[in-house]
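One letter stands for each residue in the lines below.
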Amino acid sequence: MIKVEHLSKTYGSTPAIQDVTFAVQPGEILGFLGPNGAGKTTTMRILAGYLPASSGTASIAGYDVHEDSMAVRRSIGYLPETPPLYSEMTVEGFLLFVAQLKGVKSRDRKRKVYSAMERCNLIEKRKVLIRKLSKGFRQRVGIAQAIVHDPPVIILDEPTVGLDPRQIIEVRNLIKSLAGEHTIILSTHILPEVSMTCSRVTIINRGRIVATNTPENLMEQIAGGIGYELEVEGNALTIKKILQVLPEVRLVEAIPAPDLPEKRCLIRVVSERGAEPGDKIASRLVGAGLSLYEMRRTVASLEDVFLELTMEDTLVQG
Amino acid sequence: MGVILGNIVAIYRKELQGYFASPLAYAIAGAFWLLAGFFFLAILLGPDGIIQQAALGDLQGQQQGAPFPPLDVPYEFLRIFLGVMGSLALFILPILSMGLYAEERKRGTLELLATSPVTNWAVAVGKLLGVVTFFITMVLPLLAYEAIAFSASNPPIQPTVPLLAHVGLILLAAAVLSLGMFISSLTDSSILAAFLTFLLIVFLWVSDIIAKSISGPVGEVLGHLSLLKHYNNLVQGILDTSSLILFASYIVLGVFLTAQSIDALRFQRS
């Protein structure tokens, strides 16, 4: 549904994105994840046809975003970084205006506006001037204007910015409910958002794609095996030597933990893929006469994945 | 075609709605009506007004025994009054046009317009129609004043003359607003847009005077570009196609440049 190939954009001499390639299948929600300034908004704007790319191509529903701009505009709903709102209009008036602008036929307009307001929980505010709405409601009006004409493709640039936790959950559920019928691409710098809403994730850093996969696969890929956290009394170096002997153990490292009692240390162990050497770790430590105070399994979070991927890239570039 | 027309109407209605909700629009209209009313009174009935001059002329004619050159009060009044209105518009039109695109850019709504299935020129035409309609609303009360004043004139004045003069005023305004809209589309600062538009109008206003001091073809071209000259033609009841074509060209040029600049310049500011 969305196909991006070798897309690059340069502002003056500073490259914003370089050689970005990814694809979104129909009905899918793709999360576009990256730190601030990574090039998320630039990519979204190119997809929406607001910016031209310096090189490379992007197509939506088979139409090139630059060549067939009008056809693309008809098939997308777009929420920019700052919701584009006319503050002197009422919620309903604004949505009617947008519906007309997007080419919704006049007999369908009222119904579609009503359904968009309903989905975004705006019914009670429909006669209120946008100027008088809180930031959360404005953001919802922004989402409503992106879905009012039922576009096959929805592009959301940071849809949950400025919302309170309850609203964030509502918006996430709304986005999830739109999947299937609509193809969605959403950008965010908030990690849990991606693992909760998206079926696939593309991570972008400094204008380059560093990974594209499902959230689960990404975590698996980076973390490899299972992680353990141990609190042991003894010298960290000795413990490392004892545990590295085990063939199932891939990595042993000491985690700085200044608030532990003296002589104790915190150790992180990562197993090889598919192995579960918890019992062996415990028996080796106890066998060596060390006191084991705590041991728990940890699951790699998307956060680890993200940090690892974006850090690596920083190192390469540095 | 129907779709494009629908889009123009949508933008047009949105613009009009914007004026109804805008305190600036009320302030401008209020100031304009106040000043226009003052000038109307001063020019017609003031101590140096037309009627006083005509009376003075009569008196002098009687004293000297020789007939004083007759003064056509209604036409003379129309000429002076609309001349002043034209100058007043010089100050007001940049304020009307300054926000047309600069505000959209600043509020981020240009991103909505530019990613909707609407052509740039449809947006520009809708906006221009909106602001011209607002200006016409500002001019309408003046017509009422004049209708009252002219109803007292004897012999009665031909209604086509004041009508043509006001068509001239509106054409002048549309031309200036169209160019102002283009300037507004170049920046996200309303103040800058207003200032640059003001400079441009002053230049187009006085290019007639500049032209007279430059001889040769350059001066001739400048003279033809002058808004003042063509506006005065219409005010005096001279319906000259070249004037109409000049105003129409300015309007089309403004719309064309606006559409182009939205295409070309939005890319550089993000």
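Residues numbered from 1 in each chain as written. Chains lettered and ligands numbered in written order. Predicted model: local features only at pLDDT ≥ 70, side-chain atom pairs only at ≥ 80, totals over all residues. Heavy atoms only, no water.

**Focus on the overall build of chain B**
- Along its length, chain B carries 12 helices and 0 strands.
- The order of α-helices and β-strands along chain B, N terminus first, is α-α-α-α-α-α-α-α-α-α-α-α.
- Principal-axis analysis of the C-alpha atoms gives chain B an extent of 75 × 45 × 35 Å.
- For chain B, the residues scored as buried account for 49% of the 270 residues in total.
- Nonlocal contacts in chain B, meaning residues at least 24 apart in sequence, comprise 76% of its contacts between residues at least 6 apart.
- Approximately 12800 Å² of chain B is accessible, and the part contributed by carbon and sulfur atoms is 72%.
- When the 11 positive and 14 negative side-chain charges of chain B are each reduced to one mean point, those points stand 12 Å apart. (Helix = DSSP H or I, 4+ residues; strand = E, 2+ residues; numbered from the N terminus. Buried < 20%, exposed > 50% of the residue type's maximum accessible area, 1.4 Å probe, protein only. Contact = heavy atoms within 4.5 Å. Areas by Shrake-Rupley, 256 points an atom, 1.4 Å probe, with all protein chains shown as cover. Lys, Arg positive; Asp, Glu negative; His and termini not counted. Charge placed at Lys NZ, Arg CZ, Asp CG, Glu CD.)

**Some thoughts on empty space enclosed by the protein**
Residue and element names in this part refer to chain B.
- According to the stated counting rule, one finds 2 cavities of 30 Å³ or more in the structure shown.
- The volume enclosed by the largest cavity comes to roughly 50 Å³.
- Lining of the largest cavity is provided by Tyr101, Leu110, Leu113, Ala114, Asn120, Val123 and Ile262.
- If one sorts the elements of the lining of the largest cavity by residue count, helix α6 (residues 109-114) sits on top with 3 residues.
- Partitioning the lining of the largest cavity into residue classes produces 6 nonpolar, 1 polar and no charged.
- The calculated volume of the second largest cavity comes to roughly 40 Å³.
- Forming the walls of the second largest cavity are Gly86, Ala89, Leu90, Leu93, Leu172, Val176, Ile201 and Trp205.
- Going through the elements one at a time, α4 (73-97), α8 (160-184) and α9 (190-213) are the ones with two or more residues in the lining of the second largest cavity.
- Of the residues forming the lining of the second largest cavity, the biggest block, 4 residues, is contributed by α4. (1 Å grid on protein atoms, 1.4 Å probe; cavity = no way out; pocket = protein on both sides within 12 Å on 5 of 7 lines; lining within 4 Å. Points joined across faces, edges and corners; volume = space filled by probe spheres on them. Nonpolar A, V, L, I, M, F, W, Y, C, P; charged D, E, K, R; others polar.)

**Here we look at the domain arrangement of chain A**
- Here chain A is described as being made up of domain 1 (2-220) and domain 2 (225-299).
- Averaged C-alpha coordinates put domain 1 of chain A and domain 2 of chain A at centres separated by 45 Å. (Domains from an automatic or database assignment.)

**So, the interface of chain B and chain A**
- Residue-level contacts link 25 residues of chain B with 26 residues of chain A.
- Each partner contributes to the roughly 2600 Å² buried at the junction of chain B and chain A, and carbon and sulfur atoms together form 59% of this total.
- One salt bridge connects Arg107(B) with Glu88(A), and the closest N-O pair in it is separated by 3.2 Å.
- The tally of links between chain B and chain A comes to 10 residue pairs in polar contact (both at pLDDT 80 or more).
- If you list the elements that add at least two residues to the side of chain B that touches chain A, you get α1 (2-21), α5 (99-107) and α6 of chain B.
- At 8 residues, the largest contribution of residues to the side of chain B that touches chain A is made by α1(B). (Buried area = accessible area lost by both parts, 1.4 Å probe. Salt bridge = Lys/Arg side-chain N within 4 Å of Asp/Glu carboxyl O. Polar contact = N/O pair within 3.5 Å; in protein donor to acceptor, adjacent residues only side chain to side chain.)

**With respect to a nonpolar patch on the surface**
Residue and element names in this part refer to chain B.
- Taken together, the side chains of Leu192, Phe195, Leu196 and Leu199 make up a nonpolar region of the molecular surface, amounting to roughly 360 Å² of accessible area.
- Residue placement: Leu196 occurs in helix α9.
- The class of Leu196 is partly exposed, set by a relative accessible area of 37%. (Patch = residues over 30% accessible without salt bridge, like charges linked within 9 Å, V, L, I, M, F, W, Y side chains within 5 Å.)

**A look at helix α9 (residues 236-244) of chain A**
All names here are of chain A.
- Along α9, the residues classified as buried are Ile239, Ile242 and Leu243. Within α9, the buried residues cover an arc of 90 degrees as seen down the axis, which keeps them to one side. The exposed residues of α9 that point more than 90 degrees off its buried face are Leu237 and Lys241.
- The inward-facing, buried residues of α9 contact β11 (227-233), β12 (249-255), β13 (264-271) and α10 (278-287). (Arc of directions from axis to C-beta.)

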